[in-house]
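Residue-level structure breakdown
Residues per chain are reported as follows:
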Amino acid sequence: MPWPSVPYSNTTLRQDLTECFNVLGIPYLVLIDNNGNIITENGRAEITEDPDGVYFPWRRRFVYSLSSRLLPKLQSYPAVVLFIEGDQEEELELAEGVLLPVAQQVAKTRSNALYDLLFFIAPDDCTSDTLRQFTRLTDDTAPLLTLIDIPMARISVMEYGIHITEKSIMNFVLGFFDGTMKFTPIL
């Protein structure tokens, strides 16, 4: 373990850090940059999910691949979720190619925390099936673009027949921000 760690015997420091970082168990890995800014509070899960370190140092990404570890994020923030068929690297790259420019534009223009909007690619797996069931999304069509707003218990699905492109995704997302998006309840 070449990085700094807290000796178990240092009770005061452990308690302070537990409160500061909301530590729920050990081991707990927090990555901090040279300026003291938190890069990630969940380094342990990042290592598990990205053992080859492709995304190291695991800064906040604009587009995430949906996983069971990330499902809880949907409880706090609305999210654009692009359900895709399969889980091949090529499909994930294509999906990220159309979502990433929109996510970057939203991040640049909507820096207010009230407008936090997450972006996910949901490959065809158990996690996306769980999300579909929870949101009562009975259509298993893919690709399928949705905006899932669990905090407000609602979902919107992009109109069928519209090709999923950077432009169509941006128009869909703008409907969320300008209040014209049509939602259906999920509960």
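Residues numbered from 1 in each chain as written. Predicted model: local features only at pLDDT ≥ 70, side-chain atom pairs only at ≥ 80, totals over all residues. Heavy atoms only, no water.

Under an unreviewed UniProt entry, the name given to the protein is Nucleoredoxin, and the source organism is Acyrthosiphon pisum.

Its location among the elements puts Y77 in the loop between β3 (64–65) and β4 (79–83). Owing to a relative accessible area of 33%, Y77 belongs among the partly exposed residues under this scheme. With 41 residues separating them along the chain, Y77 and L118 place their C-alpha atoms 6.9 Å apart. (Helix = DSSP H or I, 4+ residues; strand = E, 2+ residues; numbered from the N terminus. Buried < 20%, exposed > 50% of the residue type's maximum accessible area, 1.4 Å probe, protein only.)

All right, on to the nonpolar core then. Among the nonpolar cores identified, the biggest contains 24 residues, and V80, L99, L117, F119, L145 and V173 are the most heavily contacted of them. Elements with a contribution of two residues or more to this core: β4, α3 (89–109), β5 (118–122), β6 (144–149) and α5 (166–178). Here this core takes seven residues from α3, the largest share from any one element. Once residues within four sequence positions are removed from consideration, F119 is found in contact with F62, V63, Y64, V80, L99, V102, A103, V106 and V173. (Core = buried A, V, L, I, M, F, W, Y, C linked by side-chain atoms within 4.5 Å. Contact = heavy atoms within 4.5 Å.)

Turning our attention to helix α4 (residues 126–134). Of the residues making up α4, those classed as buried are T127, S128, L131 and R132. Each buried residue of α4 lies within a common arc of 140° when the element is viewed along its axis, so the set occupies one face. Residues of α4 that are exposed and point more than 90 degrees away from the buried face comprise C126 and Q133. Structurally, α4 contributes buried residues whose contacts are with β4, β5 and β6. Measuring from the backbone nitrogen of T127 back to the side-chain oxygen at the start of α4 gives 3.1 Å, which picks out D125 as the cap. With its phi angle positive at about 60°, R136 sits one or two positions after the end of α4. (Arc of directions from axis to C-beta. Polar contact = N/O pair within 3.5 Å; in protein donor to acceptor, adjacent residues only side chain to side chain.)

Attention shifts here to the pairing of β4. Burial runs high along β4: five of the five residues are buried. Examined bridge by bridge, β4 and β5 share five bridges and lie parallel to one another. Within β5, the position partnered with F83 by the bridge is A122. Here five bridges tie β4 to β6, and the two strands are oriented antiparallel to one another. Residue pairing in the sheet places V80 in a bridge with L147 of β6. (Pairing = 2+ DSSP bridges.)

So, on to the environment of V98. With respect to the element layout, V98 can be found in helix α3. For the pair V98 and L24, spaced 74 residues apart in sequence, the C-alpha to C-alpha distance is 36 Å.

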